[in-house]
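Below, each chain spelled out in residue letters.
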Amino acid sequence: MARLATDRPRLAGTGGLVFWRLLGTGRGRNTGFGVDPRRTALFALWESDAALDAFLAGSAIARRWETAQESYTVRLHSLGGHGSWCGVDVLGGMVAAATVSGPVAVLTRAVVRTRRWGAFMAAGRTVSRELADAAGLLAVAGVGEAPLGRQATFSLWTDLDAARQFAYAMPVHAGTVGRTRDEAWYGEELFARFHPYDSRGTWDGDDPLTGR
């Protein structure tokens with residue numbers, strides 16, 4: 001937990017790092033309210049693969065990952081989406097859906113309005129249960145910049161159709177999405193799709209993209 005604060009100055013001076021957020025996580029596959037103090041996440045945009053390679057080879061943060069009980073890194077190309085993160089267009093202007101075969105990653109993130117916290121947390125518990133059982137889900141973690149109000153999920157899916165099926169056809173999630181819009185739950189939101197083109201390490205014992 002302390003690293004969420006002490007790693008920030010190190011990341012701020014990293015060459016080639018365009019945008020980043022250190023994030024706490026929930027427990028296991030639970031994307032509702034909860035905290036796992038042993039697990040953290042880093043979402044980062046890089047100028048190039050070379051910049052990321054240099055970070056992984058020389059950063060004290062990356063060296064610590066090598067000695068952790070478990071660590072997992074996945075590299076992503078944007079497939080589009082909508083929204084922003086702290087006012088930053090992290091999609092690089094890509095807003096049109098792209099065609100891709102094979103696994104996809106999905107990032108959702110929202111700033112929940114204070115008066116909607118109760119409704120958001122109540123809905124989150126049922127959505128989390130539905131998501132955990134969704135067909136085609138390979139891995140998922142609830143992540144966030146704060147225990148309340150700045151929530152996100154990161155998930156890996158077998159293919160884009162599986163992710164879309166959950167997003168738009170599963171009744172609990174589809175109904176909740178409708179409520180977020182009708183009742184103006186969010187002050188800011190982001191929905192992004194990615195193509196995972198490289199992965200290293202393990203997540204809950206194996207690489208969800210390769211099964212090894």
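What you see as residue numbers is a count from 1 along each chain, following the sequence as written. With the structure being a predicted model, the display of local features is reserved for residues of pLDDT at least 70 and the display and counting of side-chain atom pairs for 80 or more, all residues being used for whole-chain, interface and lining totals. Here the side-chain values reflect all heavy atoms present in the structure, with hydrogen atoms and water set aside.

Undergrad: Help me out: how do you make sense of unusual backbone geometry in this one?
TA: Trans is the prevailing form of peptide bonds, just as negative phi is the prevailing case for residues other than glycine. With phi around 55°, cysteine 86 is a residue other than glycine that occupies positive phi space. Relative to the assigned elements, cysteine 86 resides in the loop between strand 3 (72-83) and strand 4 (104-112). Phi at aspartate 204 is positive, roughly 55°, even though this residue is not glycine. Relative to the elements of secondary structure, aspartate 204 occurs in the segment after strand 7 (186-201). Working definition: helices are DSSP H or I runs of at least four residues, strands are E runs of at least two. Numbering for both runs from the N terminus.

Undergrad: Hey, could you run me through the packing of helix 1 (residues 3-12) against helix 3 (residues 60-67) in this one?
TA: The relative placement of two packed helices comes down to the angle between their axes together with the axis-to-axis distance. In this analysis an axis means a line fitted to C-alpha atoms, helices contributing only their contacting stretch, and an angle means the value between N-to-C directions, from 0 to 180 degrees. Direction vectors running N to C along helix 1 and helix 3 enclose 135°, while the axes themselves pass 10 Å from each other. Overall, the two elements helix 1 and helix 3 adopt an arrangement that is oblique. On helix 3, the residues that touch Arg3, Asp7, Arg10 and Leu11 of helix 1 are Ala60, Ile61 and Arg64. Per-class residue counts for the contact of helix 1 with helix 3 are 3 nonpolar, no polar and 4 charged. Here the angle decides the label: under 35 degrees means roughly parallel, over 145 means roughly antiparallel, 65 to 115 means roughly perpendicular, and every other value means oblique. Contacts are assigned to residue pairs that have any heavy atoms within 4.5 Å of one another. Residues were grouped as follows: Ala, Val, Leu, Ile, Met, Phe, Trp, Tyr, Cys and Pro as nonpolar; Asp, Glu, Lys and Arg as charged; and all remaining residues, including Gly, as polar.

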